[in-house]
Amino acid sequence: METKFREAIVKAVHNPNLTGALGRFSEAYRTSRQRAYEGYDFEALRTQIAERKSYAASHLDELADLFAKNAEARGTKVFRTNDPAEVREYILNLAREHGVKSVVKSKSMASEEIHLNKHLESAGIEVGETDLGEWIIQLAGQTPSHMVMPAIHMTKEEVARVFSEQVEPGQKPEIPKLVKFARGKLRTKFLEAEMGITGANIAVAETGTLVIVTNEGNARLVTTLPKIHVAIVGLEKLMEKFDDVVPVLTALPKSATAQLMTSYVSMISGPVPNTDGSLKQLHVILMDNRRTEMSQDPKFKQAMQCIRCASCLNVCPVFRLVGGHVFGKIYTGGIGTILTAWFDALKASDDIQSLCIQCGNCTEVCPGKIDIPGLILELRRRIAVEKGQPLAQKAIFSVVNNRRLFHSMLRAAYVMQKPLQKGNFIRHLPFFLSDMTEFRSLPAIAEAPLRDTIRKIQQPACQEKIAFYAGCLIDFAYPNMGESLVKIMNKAGIEVVFPEGQTCCGAPARYSGAYEVAAHNANDNIDALLANDVSYVVSACPTCTVALKHEFISTFESLGQAESLPRARQLAKKVIDFSTLVKKLVDAGRLKFKEGQQLGKITYHDSCHLKRTLHASQEPRQLLAQAGYEISEMYEADMCCGMGGSYSLKLPEISAPILERKLVNIKKSGAPIAVMDCPGCVMQIRGGLDKQKSAIKVEHTVERLAEEFE
Amino acid sequence: MDAVFETFKLRAEAVNAEVHHFSGKNDALSFILEYLRGAGVCNEPLAYAVWASCRFLEEFDQKQISASVPGLIFQVNREVSALAKVGISQLDWAIANTGTLIQDAAPVDCRLVSTLPLIHIALVESDHLVPDLPSALTRIRPEQTNYISFITGPSRTADIERVLTIGVHGPEKLVIVFYDVLSDGGRVN
C-alpha cells in the first residue's frame, strides 16, 4: 500500500466533518431505505432487475444495435465507440460545428469517467455542472465523493466559502440561501447554453428511449432549453424492453435516496421541438470503454447489473469512515472499486480494493444482486497474479502452507510472548507492531493448543460422531471454546473427533488474493476432514465455516482446479456452524436447557459471515433466550466489528474506529455480557473492551451456553 | 373520493405537493384564478402566470379568463416563462402509490411552464388516476411521444449537508388540481 494512500486514510478518519456527515447519513439511510421499501418484495424485485440486466449484458451488441436502429428511425443520431477519446472528440467537434460557447450538464458519471469537462474547457468551451452537488465540487476543483451525493463531504460553511470565492463574495452559510443563490446563478447558464449534456439511467433498446432521473429538475432544463442535447450512455444502461423500466424505476429511488419516486423522470425517445420551433438535435453516445469486455468476463459480468444507486456505499462500515475521495476514484465505494478496475485500470484499484473488509453488508442491499465483496476478492486475486504478492506476505503464507512448521511456530510464539503477556492478553507490542495493540489488547497464545487439550477430555462412547474444525484462533488462542463445544456435544450424545491433519482454513490467503495458498490449505483440510465417517463437520468460527462450506469450492473454481471440486462439495454438505447445529439438537429434543433460569440481560453481536453468508442470526438469539437470557439488542448489531481477519492488522487506522462504534453500541445496550459466534470478533471486541478497562464480559456463544444444558 | 385518490393525496403530500379536488371544471377554474390572485400574479416581469395549451382550456374563453387576472398569459414562450411566477399545465395521468404525475411533454410549452416558474399548478382529470407505475405505463408509451415527463412533488435537493431543500432548479411549489369530467364529455364522472 502506498504511503500517500495510508496518509489519506488517516486524514479522512480524523476529519470530523466527513465522518460525521457520512456516519449520520448511513445511520439514517438504513431506516429510511427500509421504510421506502415497505410493502415491496425486495428479493423478488432485485431478482427481476438482476435477471433483466444480466440478459442485457449477455446481449449487449444486439441491444446496442437495436437501440441505434430504433433511435435513428426517430431522428436521433447515435454514435457508438469503445474509446473515451472518441467520445470527447465527437462532442468537441459537434460543439465547434455549431459554435457552442457554453454547455450545461446534468449529472453524468460517464462524463466524469472520461474527464469530459477538462477536455471541453481546454478547448475554450464553458462547462457548467447544474446538479447542485456537482456544481459545488466543480467550483471547488474536486471530484465527487459519493455517486449520488457528490458533495456530501462538505459543510455549509465550506460551500459558502467556495461560492464566495468562485462566484460572488459574501455568501452566508445558510442552506436555503445557498440553494437560492445556486438557482439564480445556474438559471442564467441554462438560458444561455447552446448545448446540454446528460447521462441516462436506462436506455431502452426496443423503443430507443433514454430514461433520465433527477430530483432537482436540472435534467429537464438541460434537455429543454439548449438546442443540442447530447446524452452519454454507458452500454451497461441498455435494457431490452420498455417494461424493464418498471423494476429499475421502482428500486432506484428507494435504494439511492429512500424516495418512493424521484422528483423528475424524463423519457426521451427522439428529438422534440425547441422553444423557437426548430427541432432539437439529439445525439446519443453509446460508450463502451471496456464494458463489452466486462460483460464477457465470467466473474465480472454481474457488475453490469449495477443501477448506480450507491446503496453499497451507504451501508459500508469503511466508506462511512473515509468517504469517496479515499474509497474510490471517479466511481466510489464497493462497486466503484470494481468499476475503477475496469474503466480506469486494474492497477488503479490496487490500494482502493484493500479497503473492503468483506463484511457483506452491501450484498444485502444491492438491487442488482451483485456479489461486490466477491468481485473485490477476485480483483485482489488478479492483482496478486499480475504483480505478485508482497515479499513479507509470501513468507508468511509459505509458513501457513506448511502445517507442521506453522503449528510449531505458533507453539514457539507462546514462549516468546511471555514477557509481553498479562493474564490472557497482550496489551502492548513493541516497535512497528504497536499499531496492533494500540486500540485493543491481543489474546495471548494458549499454553497448550486445543489439538493437545482435546485429547485429554474423557468423552463418553457415543454412536454418533462429528468432526470439529477448530480454526487457528480457537486452536491456539481460545482452546476453551473448543472444550465447551465438546461438553455440549457430549450432552447431546455426540462424540467429537479432532482430525489432526486440519490446518488454517485459507481465509487469510484468499482474502489477500493468494488463491494458490488457499487452495493448498483447502486440499489439506479436505483430506483431513473427509478421513472420518462423521455426521457433521462443525466449526465455531463463521469465517472458517464459510471457507469450508463455500470458499474451498470457489477457490478451486477460480483457479480452474476442477478435479478438486467433487470432494470440496462432499465436504461442504457436511459443514455446519455451531449455533445452527445446537439449535437443531435442541429442536430435536437431544439437548435440554436447565429449566426456569433467569440469567439477566445479554446483548448479541452478529458476525458478518454468520449472518450474511450462513444466514444464521436467529439461531443464537433463540438459544440464548431459551437458556434464560433476556436479549437486549444493541444498535447496529449486525455491523462489522472491524476485525475482518488480517484486515485489522493491515489497516488498524480503519479497524480501530469501526471497533470504537461497536463498543459504544455494546455499552449502550446496558447488558453486562456481549456474546457472538466468532472467535475473531471475540478477539477484537474483548481486546477493545479490555483496553478500555470495561467490566463487560465478552464471550463466544459456545462458552456462554456450555453450562446451561441439563 | 375513493381509496386510490386518498393514497395519491397521502403520497403527494408526503413529498410536499398540495392536492385539491373539484367536481367540475368551473370550480377548478375559480380555484386557480383565485390562487393566481393570491400569489400576486400581475402584469409585471417575475409576476406573470403562463398557462400551456391543454384540454382543460378547450371549453373556456381564454380572453375572458386573462382579463380577470392581469399577467395571466396563454401565449407561452421561453422569455415569458422565465419571467413567470406561476406555470399551469395539464398532466395526463397520475399514479397513486407514488404520488406521481405523468405527461406527454413533447410540446415544449408544457415543459417551460413546469420547469421555469416558482409555482406549478398541475391539472389532472379525476378518472386519469391509476394505482401504480405498471398500470400507468400501459397507458402512456414511448411509441406515442418523444418526451414523457414524470413529476413527483416539487424540485428538491439534499446536496448540502443532506438537508432537504425544496425548489432548486424547478418549482418550489406543486399544486395538483383534480377535476371531474362530466359524463357527457365522454368520460365517467
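Before reading further, recall that the structure is shown in the block above.
Residues numbered from 1 in each chain as written. Chains lettered and ligands numbered in written order. Predicted model: local features only at pLDDT ≥ 70, side-chain atom pairs only at ≥ 80, totals over all residues.

*Asks:* So what exactly am I meant to see when it comes to the sheet that holds strand 17 (residues 575-577) of chain A here?
*Replies:* The strands making up a sheet associate through hydrogen bonds between their backbones, and the pairing can be parallel or antiparallel. Residue and element names in this part refer to chain A. As summarised here, the arrangement of the four strands in space is 15-14-16-17, forming an open sheet in which the pairing is parallel. Two strands close off the open sheet at either side, each with one partner strand: strand 15 (494-497) and strand 17. Direction aside, the axes of adjacent strands within the sheet are offset by 35 degrees on average. Judged from the four bridges that link them, strand 14 (residues 464-469) and strand 15 form a sheet pairing that is parallel. Paired with Lys 465 across the bridge in strand 15 is Glu 495. Across the sheet, helix 28 (residues 542-559) lies against strand 14, strand 16 (536-539) and strand 17, angled at about 160 degrees from strand 17, the strand it touches most. (Pairing = 2+ DSSP bridges. Helix = DSSP H or I, 4+ residues; strand = E, 2+ residues; numbered from the N terminus. Axes fitted to C-alpha atoms, helices over the stretch in contact; angles between N-to-C directions. Contact = placed C-beta atoms within 7 Å.)

*Asks:* For this particular structure, what's the right way to read the nonpolar core?
*Replies:* Across soluble globular proteins, nonpolar side chains show a tendency to be buried alongside one another. A:Val233, B:Ala49, B:Ala122 and B:Ile176 are the most contacted members of the largest nonpolar core, which totals 285 residues. Here this core gets eight residues from one element, more than from any other, and that element is helix 27 (residues 515-529) of chain A. If we ignore the near neighbours within four places in the chain, the residues touching B:Ile176 are B:Ala12, B:Ala17, B:Glu18, B:Val19, B:His20, B:Leu101, B:Ala122 and B:Val124. (Core = buried A, V, L, I, M, F, W, Y, C linked by C-beta atoms within 7 Å. Buried ≥ 20, exposed ≤ 12 C-beta atoms within 10 Å, placed from the backbone.)

*Asks:* For this particular structure, what's the right way to read the pairing of strand 7 (residues 119-125) of chain B?
*Replies:* A regular strand places its side chains so that they alternate between the two faces of the sheet. Residue and element names in this part refer to chain B. Counting buried positions along strand 7 gives seven out of seven residues, so the element sits mostly inside the fold. The alternating pattern of strand 7 places Ile 119, Ile 121, Leu 123 and Glu 125 on one face and His 120, Ala 122 and Val 124 on the opposite face, and all of these are buried. Relative to strand 7, strand 4 (residues 84-90) runs parallel, the two being bridged by five bridges. The residue bridging Val 86 from the neighbouring strand is Ile 119, located in strand 7. Note that strand 7 and strand 12 (residues 173-179) share seven bridges and pair parallel. Residue pairing in the sheet places Ile 121 in a bridge with Val 175 of strand 12.

*Asks:* How should the packing of helix 1 (residues 3-13) of chain A against helix 34 (residues 652-668) of chain A be read in this particular structure?
*Replies:* The packing of two helices is summarised by the inter-axis angle and the distance between the axes. Residues and elements named next belong to chain A. The contact between helix 1 and helix 34 brings their axes to 9 Å, and the two run at 20 degrees. When the interaxial angle is binned, helix 1 and helix 34 end up roughly parallel. Crossing hand, helix 1 versus helix 34: left-handed. Note on element contacts: helix 34 touches helix 1 through Glu 653, Ile 654 and Pro 657, opposite Ile 9, Val 10 and Val 13. Of the residues contributing to the contact of helix 1 with helix 34, the split by class is five nonpolar, no polar and one charged. (Parallel < 35°, antiparallel > 145°, perpendicular 65-115°, else oblique. Left-handed = near helix turned anticlockwise from the far one by under 90°. Nonpolar A, V, L, I, M, F, W, Y, C, P; charged D, E, K, R; others polar.)

*Asks:* When you look at the sheet that holds strand 20 (residues 673-676) of chain A in this model, what are you seeing that I'm missing?
*Replies:* Residues and elements named next belong to chain A. If you walk across this open sheet you meet the four strands as 19-18-20-21, and the pairing is parallel. Across the chains shown, the open sheet's two edge strands, defined by having one partner strand only, are strand 19 (629-631) and strand 21 (697-700). For this sheet, the mean angle separating the axes of adjacent strands, direction not counted, is 40 degrees. Across three bridges, the pairing between strand 18 (residues 600-605) and strand 19 is parallel. Within the sheet, the bridge partner assigned to Lys 601 lies in strand 19 and is Glu 630. Of the strands in this sheet, strand 18, strand 20 and strand 21 touch helix 35 (residues 679-691), which is tilted by about 170 degrees from strand 21.

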